[in-house]
Amino acid sequence: MHQYRLQEVEAGGLVHYHYGLTPPGTAAAVESALAALPADAHVYSCGPTPFMETVGALAQRRIASQNVHFEYFQAAADLTSGGHAFELVAAKSGVTCMVPADKTIVQILYEHGVVIDVSCEQGVCGTCITRVLSGEPDHRDVYLSDDEKQAGDQLTTCCSRAKGVRLVLDV
Ligand code: FES
C-alpha cells in the first residue's frame, strides 16, 4: 500500500526503499540520506523508537532541531500523570479556574465551556497547541522541539502543565 501511494514521487527518483537493514545499516542509510540535504532542509521521521532515536541523533549534527520532526506511533508513557494543581487563565475566554493534578488543561477548560481541538491527546500531534501569555510551561509532549520548549511561548494543552502556580493562555 505505501508503495502505491508513493508511486507518483517515486517516478521522480525521490523515493528509496531499504529492506532488512541491521541497526548499523539503518544508521548508514540515514546518514547517507541526511548528507544529501541542505542545512535548511526539514526532516520528517516516523517509525519504531530505536529508528526515531537514530534519525534524531544523526540529524542533529547538521539540521536545526526545529527542522527535525517526529511522528510517534504513540507516546512512550502516560505524559499527563504527575504534577501539581495550578491556576489557569484562559485570557480570550475570560475564564479563570484551577487545574487539579489529575486533570489536563483541555479537560478543565472543556468543563468551563472552552473547547480546544485535540486529536491524539498524548502530546504527539500538536493539534492542541496554544500560545502561552505568561507562566512557565511544564512540557510533557514529544511534539515540540527542544528549542520550542525552551522558548516557553506555546504548549500542548492535552498533556503539558505549569511549572509554577499560574499559567495564562491565549484562548
Ligand atoms: S492533541 Fe495531539 S498533542 Fe495535544
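Residues numbered from 1 in each chain as written. Predicted model: local features only at pLDDT ≥ 70, side-chain atom pairs only at ≥ 80, totals over all residues. Heavy atoms only, no water.

- As annotated in an unreviewed UniProt entry, the protein chain carries the name Vanillate O-demethylase ferredoxin subunit and comes from Paraburkholderia aspalathi.

1. Observations regarding the pairing of strand 4 (residues 95-99)
- Burial along strand 4 is one-sided: the face carrying V95, C97 and V99 is buried and the face carrying T96 and M98 is not.
- Summarising the sheet, strand 3 (residues 86-90) and strand 4 pair through five bridges and their orientation is antiparallel. Residue pairing in the sheet places L88 in a bridge with C97 of strand 4.
- Hairpin geometry of strand 3 and strand 4 is characterised by an intervening segment of four residues between the two adjacent antiparallel strands and by a positive phi of about 70° at G94. (Buried < 20%, exposed > 50% of the residue type's maximum accessible area, 1.4 Å probe, protein only. Helix = DSSP H or I, 4+ residues; strand = E, 2+ residues; numbered from the N terminus. Pairing = 2+ DSSP bridges.)

2. Description of the pattern of salt bridges
- One pass over the structure, following the stated rule, counts seven salt bridges.
- Salt-bridge contacts for D170 lead to K92; the nearest nitrogen and oxygen are separated by 3.8 Å. One end of the pair, D170, is in the segment after strand 9 (166-169); the other, K92, is in the loop between strand 3 and strand 4, and 78 residues separate them in sequence.
- With a shortest N-O distance of 3.1 Å, R140 and D138 are connected by a salt bridge. (Salt bridge = Lys/Arg side-chain N within 4 Å of Asp/Glu carboxyl O.)

3. A few points about the nonpolar core
- Among the nonpolar cores identified, the biggest contains 21 residues, and F86, L88, I105, L109, L167 and L169 are the most heavily contacted of them.
- Broken down by secondary-structure element, the contributors of at least two residues to this core are strand 3, strand 4, helix 4 (105-111) and strand 9.
- Sort the elements by how many residues they give to this core and helix 4 lands first, with four residues.
- Core analysis: the next-biggest nonpolar cluster, separate from the first, contains nine residues, V30, L58, I63 and V68 among them. (Core = buried A, V, L, I, M, F, W, Y, C linked by side-chain atoms within 4.5 Å.)

4. Things to note about the environment of V99
- Looking at the secondary structure, you find V99 in strand 4.
- Judged by relative accessible area, V99 falls into the buried class, the value being 0%.
- Remark: the alpha-carbon pair of V99 and H18, spanning 81 residues in sequence, is separated by 47 Å.
- Excluding residues that lie within four positions of it along the chain, V99 makes contacts with H84, A85, F86, L88, T104, I105, I108 and R161. (Contact = heavy atoms within 4.5 Å.)

5. Points about a nonpolar patch on the surface
- Residues L6, V9 and L14 make up a contiguous nonpolar surface patch of roughly 250 Å² in combined accessible area.
- Along the chain, L14 turns up in the loop between helix 1 (2-10) and helix 2 (23-35).
- For L14, a relative accessible area of 63% corresponds to the exposed category. (Patch = residues over 30% accessible without salt bridge, like charges linked within 9 Å, V, L, I, M, F, W, Y side chains within 5 Å. Areas by Shrake-Rupley, 256 points an atom, 1.4 Å probe, with all protein chains shown as cover.)

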